[in-house]
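# Observations on the three-dimensional arrangement
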Amino acid sequence: MAAKLDYQWHLRKVMADRGMFSTTDLIPPLAERGITLSSSQVYRLVVERPERLSLKILMALLDILDCTMEDLIEPIAVAGAATKPQKAAAAGGSAPDTEGLGGLRPRRARIRGVDRS
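Residues numbered from 1 in each chain as written. Predicted model: local features only at pLDDT ≥ 70, side-chain atom pairs only at ≥ 80, totals over all residues. Heavy atoms only, no water.

### Looking at the overall build of the protein chain
The helix and strand tally for the protein chain stands at six helices and two strands. In sequence order, the protein chain lays out its α and β elements as β-α-α-α-α-α-β-α. Burial analysis of the protein chain (117 residues in total) assigns 22% to the buried set. Counting only contacts in the protein chain whose residues sit at least 6 apart along the sequence, the fraction spanning at least 24 positions is 61%. Here the protein chain has roughly 9500 Å² of accessible surface; of this, 54% comes from carbon and sulfur atoms. (Helix = DSSP H or I, 4+ residues; strand = E, 2+ residues; numbered from the N terminus. Buried < 20%, exposed > 50% of the residue type's maximum accessible area, 1.4 Å probe, protein only. Contact = heavy atoms within 4.5 Å. Areas by Shrake-Rupley, 256 points an atom, 1.4 Å probe, with all protein chains shown as cover.)

In structure tokens, the structure reads:
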């Protein structure tokens, strides 16, 4: 099974290395580059791992902190999560399909006659 990729977000560490210890230290340099974020948005950007990040913000951070993407984002490999066995496999049936819908198939729709009395 191939390893799944994940990442670690190092914005807080890079900021500390540059002498920026408050999350609000980013607000003025971002504004100089045309990016207006509230203090709570900047806080979440620094403290939490972003799931989505605009390239404009990423490029501004690289410029402000004079760093590279490798400094901010560290790709890591994680072991695949174990999946629960399907009911058929637990009952001695065939093993579930590892791709697609796990052996599930759609059920054919039943059309019933309409009484038009």
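Next comes the rest of the account.
### Focus on helix H4 (residues 55-65)
If you check which residues of H4 are buried, you get Ile-57, Leu-58, Ala-60, Leu-61, Leu-62, Ile-64 and Leu-65. The inward-facing, buried residues of H4 contact strand S1 (4-9), helix H1 (11-17), helix H2 (27-32), helix H3 (39-47), helix H5 (69-72) and strand S2 (73-78). Just past H4, the residue Asp-66 takes up positive phi, approximately 50 degrees.

### Quick notes on the pattern of salt bridges
Using the criterion set out here, one finds five salt bridges in the structure. The partner of Arg-49 in a salt bridge is Asp-6, and the shortest N-O contact between them spans 2.7 Å. Here Arg-49, found in the loop between H3 and H4, pairs with Asp-6, found in strand S1; they are 43 residues apart in sequence, far enough to count as distant. Residue Asp-6 is classed as partly exposed on the basis of its relative accessible area, which comes to 27%. Put simply, Lys-13 and Asp-17 hold a salt bridge, and the shortest N to O gap is 3.0 Å. With a gap of four residues between them, Lys-13 and Asp-17 both fall in helix H1, about one helical turn apart. The two residues Lys-13 and Asp-17 agree in class, both being exposed. Salt bridges sharing common partners tie together Asp-6, Arg-49 and Glu-51. (Salt bridge = Lys/Arg side-chain N within 4 Å of Asp/Glu carboxyl O.)

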